[in-house]
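These are the residues of each chain, in order.
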Amino acid sequence: MLTKTEAVVLKAMKYRETSKIVTLYTKKFGKLNVVAKGAMLTTSKFGASLEPMSYITAVLYKKETRELQFLSQADIVKPFLQIYSDYTKMTIGLSICETLYKLIKFEEENQKIFNLLVNVLDKLNEAERNEINLLWFFLVHLLEEIGFKINFEKCVLCGEKFTDKNLSQKVAFLNDKGGFLCSKCEAGATNFETYSIATFKSLFWIERAKLDNVTNLKIPRNVNLEIQNLLFGYMKTHIEEAVDLKSLEIYHKLK
Ligand SMILES: [Zn+2]
C-alpha cells in the first residue's frame, strides 16, 4: 500500500552500500523504520530530507507483514535551519529525537506526541534564550502522554494540596509514585530523592506553561541539573528503555 504521512526523522543509519535505514516518528503510524534506497548517493532524490529532526511528508510503501517499510519520497514540510546552525539548539533537538528513538514502542500511533514533537522543534528553531526549557517541557508532556504524569499538585501519600507551608526547602520525590511529598509525610517516608524547592517550582511552572512562553523562565544551571536528574531518575524507574542521553551530555559540555 502506498501511503502518505507527515513525519519527523529521529535517526538515520547507513544500510548496505548506498541506502539508509531511517527511523521516523510518523503522524499516522507512530515510530517506524523505513529503508531509503540510494539515500547515500549524492544524486539521491532524498537530498537533505533525512537528517535527524527533519520535518517531512513521507510517502511509504507499507506492508503489514514486513518489518521494514520502504520510503518512496520525502519532502521537507518546514526546514528548521536555526536548529542546525546552533550547537545548543542542535543538542536539545537531538535529545528530543533520541528520547523518542529509545523510549517509544514501534507502530503505536499517537497524534498528541507527534504534535508535541513538531511544535517543540518549531519553537526550538525560533527560540532565542533558555532553550533547555523546551526539552523539559517535551519530557514532562511526553511522560504524561505515555501514562507517567508527574503529580505537582498534591502530596502523593496523604493527598494534601501543596502550599508554601507544607513544602520544605528540600522537597522529597518518590520515583515509584511519580510525585512529591509534603513535609509531614517526608518525615516518615523512605526511599525518596530530594530536590530543591526551586527545582520543584521551575518544573511545575514549565508543566503549566504554554509552549509560546516556556522559554521566558531563566533556570539556574544547578536547578537544570536537578531537573534532569529528577526526570531521568523517574523515567529509569518505570521505563526499561530509559537511559541517559548522549546528546544531553554534549549539551552540558557546551555550557
Ligand atoms: Zn503528605
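If you look the protein chain up in an unreviewed UniProt entry, it shows as DNA repair protein RecO from Candidatus Chryseopegocella kryptomonas. Under the UniProt heading Function (unreviewed entry), the note attached to the protein chain is "Involved in DNA repair and RecF pathway recombination." Under Sequence similarities (unreviewed entry), UniProt gives the following word-for-word description of the protein chain: "Belongs to the RecO family."

(A) Focus on the overall build of the protein chain. The secondary structure content of the protein chain amounts to eight helices and eight strands. The globule rule puts the C-alpha radius of gyration for 255 residues at 18 Å, and the 20 Å found for the protein chain is close to it. Taking the principal axes of the C-alpha coordinates as reference, the protein chain spans close to 65 × 40 × 30 Å. Every one of the 255 residues in the protein chain was classed for burial, and the buried ones make up 52%. Of all intrachain contacts in the protein chain linking residues separated by at least 6 positions in sequence, the fraction that spans at least 24 positions is 63%. Counting 36 positive and 30 negative side-chain charges, the protein chain places the averaged centre of each group 2 Å from the other.

(B) Quick peek at the coordination of the zinc ion. Protein coordination at the zinc ion: the donors are Cys155 (SG), Cys158 (SG), Cys182 (SG) and Cys185 (SG), at 2.3 Å from the metal. Note that the zinc ion binds four donor atoms; their angles at the metal cover 105 to 117°, and the shape is tetrahedral. Counting the intervening residues between successive donors of the zinc ion yields the motif C-x2-C-x23-C-x2-C. One end of the pair, Cys155, is in the loop between helix H4 (132-145) and strand E6 (170-174); the other, Cys185, is in helix H5 (residues 183-188), with 30 residues separating them in the sequence. Grouping residues by exposure puts Cys155 and Cys185 together as buried.

(C) Spotlight on the side chain of Asn224. Residue position: Asn224 is located in helix H7 (residues 221-238). Take Asn224: its relative accessible area is 9%, and that puts it in the buried class. For Asn224, the side chain forms a polar contact with the side chain of Trp136, separated by 2.8 Å. Setting aside its immediate chain neighbours within four residues, Asn224 contacts Ile132, Trp136 and Ile219.

(D) Geometry of the domain arrangement of the protein chain. Segmenting the protein chain into domains produces domain 1 (1-79) and domain 2 (87-255). Relative to domain 2, the C-alpha centre of domain 1 lies at a distance of 30 Å. Each partner contributes residues to the interface: domain 1 has 24 residues there, and domain 2 has 22 residues. Here Asp122 and Lys78 are joined by a salt bridge, their closest N and O atoms 2.7 Å apart. Between the two partners, domain 1 and domain 2, sit five residue pairs in polar contact (both at pLDDT 80 or more). Elements with a contribution of two residues or more to the side of domain 1 that touches domain 2: strand E1 (2-15), strand E2 (19-26), strand E3 (30-36) and strand E5 (69-78). For the side of domain 1 that touches domain 2, the leading source of residues is E1, giving seven residues.

Reading the values: the criteria
Residues numbered from 1 in each chain as written. Predicted model: local features only at pLDDT ≥ 70, side-chain atom pairs only at ≥ 80, totals over all residues. Heavy atoms only, no water. UniProt positions renumbered as here; feature names shortened; annotations may be inferred. Helix = DSSP H or I, 4+ residues; strand = E, 2+ residues; numbered from the N terminus. Rg over C-alpha atoms; globule rule 2.2 N^0.38 Å. Buried < 20%, exposed > 50% of the residue type's maximum accessible area, 1.4 Å probe, protein only. Contact = heavy atoms within 4.5 Å. Lys, Arg positive; Asp, Glu negative; His and termini not counted. Charge placed at Lys NZ, Arg CZ, Asp CG, Glu CD. Donors = N, O, S within 2.8 Å, 3.2 Å for Na, K, Ca; no water. Tetrahedral: all angles 85-135°; square planar, octahedral: opposite > 155°, others 65-115°. Polar contact = N/O pair within 3.5 Å; in protein donor to acceptor, adjacent residues only side chain to side chain. Domains from an automatic or database assignment. Salt bridge = Lys/Arg side-chain N within 4 Å of Asp/Glu carboxyl O.

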